[in-house]
Amino acid sequence: MTRSRVLLALCALATAVDLLSLATGFGPGHTLAKPLLMPLLAAWAALCGAPGLLLAALACGWGGDLLLLSDADPAFLGGMASFAAGHVCYLMLFARVGRPHTRAAVLAPCYAVVLIATVVLLWPGLPQELRPPVALYSALLAAMACAAAVRLGPVGGAGGLLFLLSDTLIATGVAGWPQPPRPDLWIMLTYLAAQFLLVRGVLDVLGGRQDPAAAYGEVRSTTP
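Quick caveat: nothing in here was measured; it's all calculated off a predicted structure.

Draft legend 1. The arrangement of the side chain of K34 in detail. If you trace the backbone, K34 turns up in helix α2 (residues 27-47). Although K34 is buried, it forms no salt bridge, and the closest oppositely charged side chain is D65 at an N-O distance of 4.6 Å. When sequence neighbours within four positions are dropped, the list of residues in contact with K34 reads D18, D65, L68, L69 and M188.

Given below as structure tokens:
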């Protein structure tokens, strides 16, 4: 078994442990597994020839994951800032490696409508001090999701949409909306799927399905 397959299997195992822990309410399992998820995904992506900006985005996601293990307000804002930095990395990356799969003129208004509607609906329930940062973060997240769909195609676009869904679930909880049973489970499920699909979308664009040992030398350039 190649190193990349071992890392992918370990990532799948950590994901299963984390999701099962959330489903059963076993807090220590989540606390132990969550910090392993992004490093394992990043290590697998690196072996597959991932560019530095993709690894930086995952590192920012890891920072956000660690901060959101705490329920303190400063940790929530710090986690939001870390994820926002990750979205900036993704936007820079998509501009360099992606190629247009769909017309931005078609998708951009759709994402703009979703962004405006979400912020307007959540605004009254958000704590006053969180309203501006949540609005700014939401705009950045929507831009990332739209860019993923336009530049990476269906796989990356699905990742962007799931990231939107995951963070919207978090925001509805902060705003005091009714939540489904085990909301943390659905948040992590959609978040982990989002990160994996974004990584897969980038690697597909870069020809990342080739043998990892040859990836760095053989990846074709798609820089506009």
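Draft legend 2. Fine view of the packing of helix α4 (residues 73-97) against helix α7 (residues 154-174). At a minimum axis separation of 14 Å, α4 and α7 run at an interaxial angle of 160°. As judged from the angle between their axes, α4 and α7 are roughly antiparallel. Helix-helix and strand crossings are classified by hand; for α4 and α7 the assignment is left-handed. Contact with α4, carried on its side by F76, F83 and H87, involves F163, D167, I170 and V174 of α7 and no other residues of that element. Considered class by class, the residues forming the contact of α4 with α7 number five nonpolar, one polar and one charged.

Draft legend 3. Fine view of the packing of helix α5 (residues 104-122) against α7. For the pair α5 and α7, interaxial distance at closest approach is 11 Å and the crossing angle is 10°. In this view, α5 runs roughly parallel relative to α7, as classed from their interaxial angle. Judged by residue contacts, Y111, T118 and L122 of α5 engage G157, L161, L164, T168, A171 and T172 from α7. Across the contact of α5 with α7, the residue classes tally to five nonpolar, four polar and no charged.

Draft legend 4. Main features of the environment of L32. Assignment of secondary structure puts L32 in helix α2. A relative accessible area of 64% means that L32 is categorised as exposed.

Draft legend 5. Quick peek at the state of the cysteines. This model, assessed by the stated rule, comprises zero disulfides. The thiol of C11 is unpaired, and the distance to the nearest cysteine sulfur, on C48, comes to 11 Å. Cysteine C60 remains unbridged, with the sulfur of C89 as its closest cysteine sulfur at 4.5 Å.

Draft legend 6. A look at the packing of aromatic side chains. This structure, assessed with the given rule, holds five aromatic pairs. When the centroid spacing of 6.3 Å and the interplanar angle of 80° are considered together, the rings of F83 and F163 count as edge-to-face. Of the two residues, F83 is situated in helix α4 and F163 in helix α7; the sequence distance between them amounts to 80 residues. For the pair formed by F83 and F163, the shared burial category is buried. Consider the rings of Y90 and F94, whose centres lie 5.6 Å apart with planes at 25°: the pair is stacked.

Draft legend 7. Main features of a nonpolar patch on the surface. There is a patch of nonpolar side chains on the surface, built from V6, L10, L13 and V17 and spanning about 310 Å² of accessible area. Residue position: L10 is located in helix α1 (residues 3-24).

Draft legend 8. Seen up close, α7. Between its first and last C-alpha, α7 extends 30 Å over 21 residues, near the 30 Å set by a 1.5 Å rise per residue. Restricting attention to buried positions, one finds in α7 the residues G156, G157, G159, G160, F163, L164, S166, D167, L169, A171 and T172. On the buried face of α7, the contacting elements are α4, α5, α6 (131-152) and α8 (183-205). Where α7 terminates, the next one or two residues include G176, which has phi positive at roughly 80°.

The rules behind each value
Residues numbered from 1 in each chain as written. Predicted model: local features only at pLDDT ≥ 70, side-chain atom pairs only at ≥ 80, totals over all residues. Heavy atoms only, no water. Helix = DSSP H or I, 4+ residues; strand = E, 2+ residues; numbered from the N terminus. Buried < 20%, exposed > 50% of the residue type's maximum accessible area, 1.4 Å probe, protein only. Lys, Arg positive; Asp, Glu negative; His and termini not counted. Salt bridge = Lys/Arg side-chain N within 4 Å of Asp/Glu carboxyl O. Contact = heavy atoms within 4.5 Å. Axes fitted to C-alpha atoms, helices over the stretch in contact; angles between N-to-C directions. Parallel < 35°, antiparallel > 145°, perpendicular 65-115°, else oblique. Left-handed = near helix turned anticlockwise from the far one by under 90°. Nonpolar A, V, L, I, M, F, W, Y, C, P; charged D, E, K, R; others polar. Disulfide = S-S within 2.5 Å. Phe/Tyr/Trp six-rings, centres within 6.5 Å; stacked < 30°, edge-to-face > 60°. Patch = residues over 30% accessible without salt bridge, like charges linked within 9 Å, V, L, I, M, F, W, Y side chains within 5 Å. Areas by Shrake-Rupley, 256 points an atom, 1.4 Å probe, with all protein chains shown as cover. Expected span 1.5 Å × (residues − 1).

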